[in-house]
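A look at the structure
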Amino acid sequence: MPTPPASTGEQLMAIAAKNLMESIWAKQLLGLGENKYRGEPADSIFGVYIRHVLAIALHMVFVVSLIVPFFWKRCRFCTQRPRSSVLKPTYSKKLQYGITHKLALLSCVSLSVLYCILGIWSPLYWWLRARPKDIGAEGEYVFQAMAWAIILAYAYYSLTKESNEKFPLLLRMWWILLLILYAFFLFLNIHEMREQNHITFSIVVEILALLLSAFLSYASFCGRTGESSLTQSIEEPLLNDIPENSENLKPNDIPENSENLKPKVTPYATASFLSRMSFFWMKPLLDVGHKKPLDIDDVPQVADVHKADHVYCKFRNQLDAKGSGSSIAKILFLIDLKDVLFTGLLLLITSCTSYVGPYFINNFVQCLAKKEQFASEGIILACVFLLAKLVNSLSQCHWTFTTVHICICVRAALTAALYKKGLMLSSQSRQDHTSGEIINYMSVDAQRIEEFSWYLHDIWALPLQILLALVILYQNLGLASLAGVAATVLIMMANYPLVKMQQKYNKNIMEEKDKRMKATSETLKNMRILKLQAWESRFLMKLETLRGEECSWLKKYFYALSGTTFIFWAAPTFVSVVTFGTCVILGVPLTTGKILSALATFQILQEPISGLPDLISVIAQSKVSLDRVDNFLKQEELQQDAVEKVSKNSTDYAIEIQEGVFSWDPAVPTPTIRGLDVHIKRGMKVAVCGTVGSGKSSFLSCILGEIPKISGVVKISGTKAYVSQTPWIQSGKIRDNILFGKELEKSRYESVLQACAFKKDLELFPYGDQTEIGERGINLSGGQKQRIQIARALYQDADIYLFDDPFSAVDAHTGTHIFQECLLGILGSKTVVYVTHQVEFLFAADLILVMRDGEITQAGKYEDILQSNTHFDELVGAHKKALKSIDDMENSEILSSQVPVKGSSVDNETSVEDVNHEQLQEAEKAYEEIESKDQKENEKDKEDRSSQLVQEEEREKGRVSMWVYWSYITAAYKGVLIPIILLAHIVYQLLQIGSNYWMAWATPLTEEQRPPVTKSFLILVYITLALCSSLCILVRTILLCLTGFESAKQFFSKMHSCIFRAPMSFFDATPSGRILNRASNDQSQVDQAIPFQLGSVAFTFIQLLGIIAVMSQVAWQVFIMFIPVLAICLWYQQYYIVTSRELSRLIGVCKAPIIQHFAESISGAATIRSFDQETPFMNSNLHLFDGYSKTRFHKSGATQWLCFRHCRFRNNIWSFSEPYTNLADMALK
């Protein structure tokens, strides 16, 4: 006879189910009182008849759906075959079958064979037991065997004969439906097994069918078969590997194996199903990392579908499809929908399998107490536990890995979108968003949004986990579980105000961090001035003041965080005390199995209880960051129609402006530029002059489309190049700055250098044009920066050149040379518009525009305007007067040096002009000697310097020094609090073990046994232990937060003190992006992440020691398996850690160039737009992010590679311990 239900809740459910079956199925539908075939009660009729009918009907519908279209298509093909005799091109086709294709066919064969065997075994089984046959079951099995044979034939034909790279949609839908159907059938069979107290062969087949259908469902979800075809037409060239421009290559230039030129792609892209499941595809990289420290070139690129450009294209397509007003969160969700759904499925499996242990642990305890419900129940339960652990571990690993991939995609899309927006911001929007704020959007806000990917599914998963826990509690404890529900709700309510406080404090921290980063960015940009003025201490105090305001909110945040952390650790204890206390009050019988099941449930319930407030907090933080990013992405951009581009064939004018009115601020009533009506033909040289603030630079901005257009028409014909008044130089080589994305043409390159008078400068640099330029050209003079700008413009070979006072930063001799060689030489046939204050450069202009107060007051040639006696005459007169005063000063100095000394004789006939001429010759001779001496000294310096100014970011290699950990531990209060924190957690762990042991020892195994202590004493001791453990965890949490806060303050102060005390050469050689990365992202990790990560490592190690101690007392035989497995795990750990450590360092190294390139591009956005280089710079940004994403992708793969193997060995220990206990108990019988 089956055992009675274990609780009142089970009894109520069983009675309700029985009444439902009898009333609906037995009496109303079938009119039967009991099963005439087996003599069983009517509540099993559904499992006998309806199941068979349902299975046969579904398989029949599917088979018909396959066969009818197949033959219809073949009949149409036979009757409508084309009769054309034209020969089609022949192809050479070679199929490559993937592992998914092979395993899918093998699964179909296995299922067909299994159901065929089951169809034969079923009548034989009932004949041997001398009982009537179950015709419905036999028909179902035979029909399923035939259906799977037809599915096999269909799958083989569609995948092999038709060479499809995807499974047919109908087949994929059917496999997914079968998974649900087989799970339902297995549930019915298990229920029947528990009633009949024996295992049937059909249950074994159902389990195998469920596993095979689970794989087929995965294959259906992935879609692709893994099959590829190599097809070559007779029209394809034989040498496919030769580049398209091979006519310009010499025979020796063609590589022997062009495939080696392609970058390495991650093995994950071509890995088989089993390799992906076990993370075996990581082994090649782990082997390389084990042999030598990894370099960035050793890490393969991610697959094309995972690259930043592909992700950003999907983001832009979704944004264009949904409209600019759509939610950014929704678009980010849609760009990786497949992985999002897959992670949801994995999290569902993880959540369900985690409750298998608490659900069956009471049955297992009863089995050990010699109260088995059927034979070999203990072995079956152990196998169920093992299977649940395996599935849980596998799904957990892949959920983590896929979530990391989603995070990378989200960050790639946001980084690319922010970069693109930064290049297209209007002048008004740039005033509202500083460079520091924009960098914060990319480094901090994008990371906050990315972190929400970890909590995306918690919106439904946490309530589901809480519901499953409450169901298990109700099954074991009955109505007393309602007290646990009330305690859970109370804990969540207590968490809510603390979470709201965290949200408020975190928002204030972000605002203060924006202010600090803005000040830090401005300080780094002007560090040379601070050093020269000795203002370092003053500005350091300013940054520390801003940091102090940030720390005031950070301290409050830590206090709120300590409260939520305390609730997280104390929640299981509080809920268990309330629940068990209610059991004592209500008189619910407590047994060891129920206690262990409840404790295990409370332990699992700990995460969703604390996770729900965390989810609310993360949602709030992500919403703040999403609003900030969304607000920035919706800022006004430059007018796309401000400048109309016209083809060269349709007009003779290079630049046309008709009735143009422009204003930097459209809200101001007086426009910046007004009344423009300019027509410039091709090849003209146009000079623009005027006083300071007259609108000369704004005039060039009108042509470039940088200034908002109020009215009028601006047309340009041809490409353009621009030289700004303030030089913008990229970090990198001099040659790269000049080429600016163009291919190198040696003759043209040399002529440009000669025209810009830059060859002598290159001889002074240690590496010539291969010399690295510091950030913002820090190791160049103002004249050198300007000449590099001019050379960059000349090399572009554009049609229109715009120069904004290019001669102001060079001396008169160099300026004259550049004017003669560049504007009148190389650009003799080009259209040139140049702004200048030097009158001597106006003579060669075909047209002079004189500006005043934003208007063109005069236009014409030099002589014509000069004779008009207007404002231009005043400019020329002022210029001549300034030159005359300078000449008079120089002449007076020369004459004073030539006054004859007493006693000397000077020829009276020698004129003053002769004296001046002789003196000038001597001065030139002296100047040449000085120049020659300087050149020798520079050559000497050149020999002494053996390295570039700007080096790649250094990174440590090998093991992390213990000094690093020691410096962090002792940063706060000399490390005095660390032993107290560890001691508090050790005591907490001992009290937890003691309380669990007390509850297990003080309760009987079965309800019939007498408990060793009274219930009141039982709960009193448990409450005492719970209060002490809660006190320990409160002390530990407060001290940990205090230590982390003080360490963050110390590290910030020491880092900034070192930065401000560094010599200027440090800032010349170190891009500001590296320093900003330390001050923003790395400092945030020190503030809020590192203390809790280190604490988690220490606490987990203490917990592990506690588990080992308990296992040694309860089942010492486990150490037979534990010791060798521990040795293997430690070997895996050492094998993995060398690669993981270098990958972590490479992640940090690859992150700084993204910020540096971002900040540099924002500052030179006008120059980038003027050369139409937005696309190349965007590609550079995406390329830099690919370098970051590949290191992070493989870092996650390496971590899950280790986790998968550790979980496998952990499950081996677990599977050894549980059956051992059960077998020992059976042997005692």
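Sequence order as written defines residue numbering, which begins from 1 separately in each chain. Residue-level local features of this predicted model are given only where pLDDT is at least 70; pairs of side-chain atoms are given and counted only at 80 or more, and the full residue set underlies all totals for whole chains, interfaces and linings. Hydrogen atoms and water are omitted, and side-chain values are computed over all heavy atoms in the structure.

1. Quick look at the overall build of the protein
Put simply, DSSP H or I for four residues or longer makes a helix, DSSP E for two residues or longer makes a strand, and each gets a number counted from the N terminus. A count of helices and strands for the protein gives 38 helices and 14 strands. Split into buried and exposed, the 1229 residues of the protein put 47% on the buried side. Here, two residues are considered to be in contact whenever any of their heavy atoms come within 4.5 Å of each other. Across the protein, contacts joining residues at least 24 apart in sequence account for 82% of those joining residues at least 6 apart. Here the protein displays about 61,700 Å² of accessible surface, and carbon together with sulfur accounts for 61% of that area. Relative accessibility thresholds used throughout: buried, under 20% of the residue-type maximum; exposed, over 50%; partly exposed, between the two (1.4 Å probe, protein chains only). Note on areas: Shrake-Rupley, 1.4 Å probe, and residue coverage restricted to the protein chains presented here.

2. Side note on the sheet that holds strand E12 (residues 831-835)
The strand order E8-E11-E12-E6-E13-E14 describes an open sheet built from six strands, whose pairing is mixed. At either margin of the open sheet sits one strand with a lone partner, and together these are strand E8 (720-723) and strand E14 (855-860). Within this sheet the neighbouring strands show an average axis-to-axis angle of 15°, counted without direction. Two strands qualify as a pair provided that DSSP identifies no fewer than 2 bridges between them. Direction of pairing for strand E6 (residues 685-690) relative to strand E13 (residues 847-852): parallel, over a ladder of five bridges. Its bridge partner lying in E13, Gly690 is registered against Met851. Strand contacts of helix H21 (residues 696-704): E6, E8, strand E11 (800-804), E12 and E13, with the helix running at about 150° to E11, the strand carrying the most contacts. Here the axes come from fitting lines to C-alpha atoms, over the contacting stretch only for helices, and the angles between their N-to-C directions go from 0 to 180 degrees.

3. Some thoughts on the environment of Ser435
The residue Ser435 is located in helix H15 (residues 435-451) in this model. Residues contacting Ser435, with those up to four places away along its chain left out, are Arg430, Lys525 and Ile1162.

4. A look at the side chain of Arg1169
Looking at the secondary structure, you find Arg1169 in helix H37 (residues 1165-1170). The buried category is assigned to Arg1169, whose relative accessible area is 11%. N or O atoms within 3.5 Å of each other form a polar contact, as long as, within protein, one can give a hydrogen and the other can take it, and as long as residues adjacent in sequence are counted only when both atoms are side-chain atoms. A polar side-chain atom of Arg1169 sits 2.3 Å from the main-chain carbonyl oxygen of Leu423.

5. Examining the side chain of Thr814
You can see Thr814 is positioned in helix H26 (residues 812-826). Beyond its immediate sequence surroundings of up to four residues, Thr814 is in contact with Ala757 and Arg787.

6. Quick look at the pattern of salt bridges
Each reported salt bridge corresponds to a side-chain nitrogen of Lys or Arg within 4 Å of a carboxyl oxygen of Asp or Glu. Throughout the structure, instances matching the rule amount to 28 salt bridges. For the salt bridge of Arg516 with Glu550, the shortest nitrogen-to-oxygen distance reads 2.6 Å. With Arg516 in helix H17 (residues 481-525) and Glu550 in helix H19 (residues 536-586), the pair connects residues that are 34 residues apart, well separated along the chain. For the residue pair Arg516 and Glu550, the accessibility class agrees, reading buried in each case. As a salt-bridge pair, Lys531 and Glu536 come within 3.8 Å of each other at their nearest N and O atoms. Because the salt bridges share partners, they merge into one network encompassing Arg516, Arg547, Glu550 and Asp1087.

7. Considering the sheet that holds strand E5 (residues 673-681)
Pairing within the open sheet is mixed, and its four strands lie in the order E3-E7-E4-E5. Of all strands in the sheet, those bounded by a partner on one side alone are strand E3 (644-645) and E5. Across six bridges, the pairing between strand E4 (residues 653-662) and E5 is antiparallel. Considered in E5, the bridge of Phe662 is made with Ile673.

8. Considerations on the environment of Gln475
Here Gln475 is to be found in helix H16 (residues 458-477). Assessed through its relative accessible area of 15%, Gln475 is described here as buried. Separated by 116 residues in the primary sequence, Gln475 and Tyr359 place their C-alpha atoms 8.8 Å from one another.

9. Focus on the packing of aromatic side chains
The criterion for an aromatic pair is that two Phe, Tyr or Trp rings (for Trp, the six-membered ring) have centres within 6.5 Å, with stacked assigned to planes under 30 degrees apart, edge-to-face to planes over 60 apart and tilted to the rest. Scanning the model with the defined rule gives 38 aromatic pairs in all. Ring centres of Tyr268 and Trp281 lie 5.1 Å apart, and the angle between their planes is 65°; this geometry places the pair in the edge-to-face category. Pair noted here: Tyr268 is in the loop between strand E2 (228-233) and helix H7 (273-278) and Trp281 is in the loop between H7 and helix H8 (283-291), with a separation of 13 residues, a long-range link. In this structure, Tyr268 and Trp281 share a single accessibility class: buried.

10. Structural notes on the pairing of E12
Of all five residues that make up E12, five are buried, and the element is covered over most of its length. Judged by which residues are buried, E12 turns out to be covered on both faces: Thr831, Val833 and Val835 on one side and Val832 and Tyr834 on the other are all buried. One ladder, built from four bridges, connects E6 with E12; its direction is parallel. The residue of E12 that forms the bridge with Val686 is Val833. Bridging between E11 and E12 involves five bridges; their strand directions are parallel. Residue Asp804 lies in a different strand from E12, and its bridge partner there is Val835.

11. Notes on the confidence of the model for the protein
In this model, the protein carries a mean pLDDT of 75, and residues with pLDDT of at least 70 account for 74%. Contacts of residues 76-96 to residues separated by more than four positions or lying in other chains number 24 contacts, the stretch itself having pLDDT below 50. Throughout residues 936-947 the model reports pLDDT below 50, and contacts reaching past four residues in sequence, or to other chains, amount to eight contacts. Values of pLDDT, which run from 0 to 100, indicate the predictor's confidence residue by residue.

12. Remarks on the packing of helix H9 (residues 308-322) against helix H10 (residues 328-335)
In a pair of packed helices, the angle between the axes and the distance between the axes together describe the arrangement. Contact geometry for H9 and H10: axes closest at 9 Å, N-to-C directions at 130°. As the angle between them shows, H9 and H10 are arranged oblique. The interaxial crossing formed by H9 with H10 has right-handed handedness. Contacts from Val311, Lys314, Phe315, Gln318, Leu319 and Lys322 of H9 reach H10 at Ile328, Ile331, Leu332, Leu334 and Ile335. Throughout this description, any angle smaller than 35 degrees is read as roughly parallel, any larger than 145 degrees as roughly antiparallel, any in the 65 to 115 degree range as roughly perpendicular, and the remainder as oblique. Crossing handedness is read from the near helix: turned anticlockwise from the far helix by less than a right angle, it gives a left-handed crossing, and turned clockwise, a right-handed one.

13. Observations regarding the nonpolar core
Membership of the largest hydrophobic core comes to 136 residues, with the highest contact counts inside it found for Phe315, Leu332, Tyr801, Phe803, Tyr834, Ile848 and Trp1201. Looking at this core, the element that brings in the most residues is helix H13 (residues 377-424), giving 15 residues. The set of buried Ala, Val, Leu, Ile, Met, Phe, Trp, Tyr and Cys residues whose side-chain atoms join them within 4.5 Å is what this entry labels a nonpolar core. One finds Ile472, Ile567, Val577 and Ile1033 within the second-largest nonpolar core, a separate group that totals 39 residues.

14. Section: the environment of Asp309
Along the polypeptide, Asp309 turns up in helix H9. Sequence separation of Asp309 and Met1178 is 869 residues, and the distance between their C-alpha atoms is 9.3 Å.

15. Quick look at a nonpolar patch on the surface
Taken together, the side chains of Ile980, Leu1031, Leu1034, Val1035 and Ile1038 make up a nonpolar region of the molecular surface, amounting to roughly 390 Å² of accessible area. If you tally residues by element for the nonpolar patch, the top one is helix H32 (residues 1015-1061), at four residues. Topologically, Leu1031 is positioned in helix H32. Using a relative accessible area of 53% as the deciding quantity, one classes Leu1031 as exposed. Every patch collects residues that have over 30% relative accessible area and no salt bridge, joining them within 9 Å if they carry like charges and within 5 Å if they are nonpolar side chains (Val, Leu, Ile, Met, Phe, Trp, Tyr).

16. A look at unusual backbone geometry
For Ala534, which is not glycine, the phi dihedral falls at a positive 60°. Positionally, Ala534 belongs in the loop between helix H18 (527-533) and H19. Positive phi, normally seen in glycine, also occurs at Asp1172, with a value near 55°. Structurally, the position occupied by Asp1172 is in the loop between H37 and helix H38 (1174-1228).

17. Thoughts on the packing of helix H25 (residues 782-795) against H26
Taken N-terminus to C-terminus, the directions of H25 and H26 make an angle of 5°; their axes are 12 Å apart at the nearest point. With respect to their mutual orientation, H25 and H26 come out roughly parallel. The segment H25 lies against H26, with Arg787, Ile790 and Leu794 engaging Thr814, Ile818, Cys822 and Ile826. Gly falls in the polar group here, along with every residue not listed as nonpolar (Ala, Val, Leu, Ile, Met, Phe, Trp, Tyr, Cys, Pro) or charged (Asp, Glu, Lys, Arg). In the contact of H25 with H26, the residues fall into five nonpolar, one polar and one charged.

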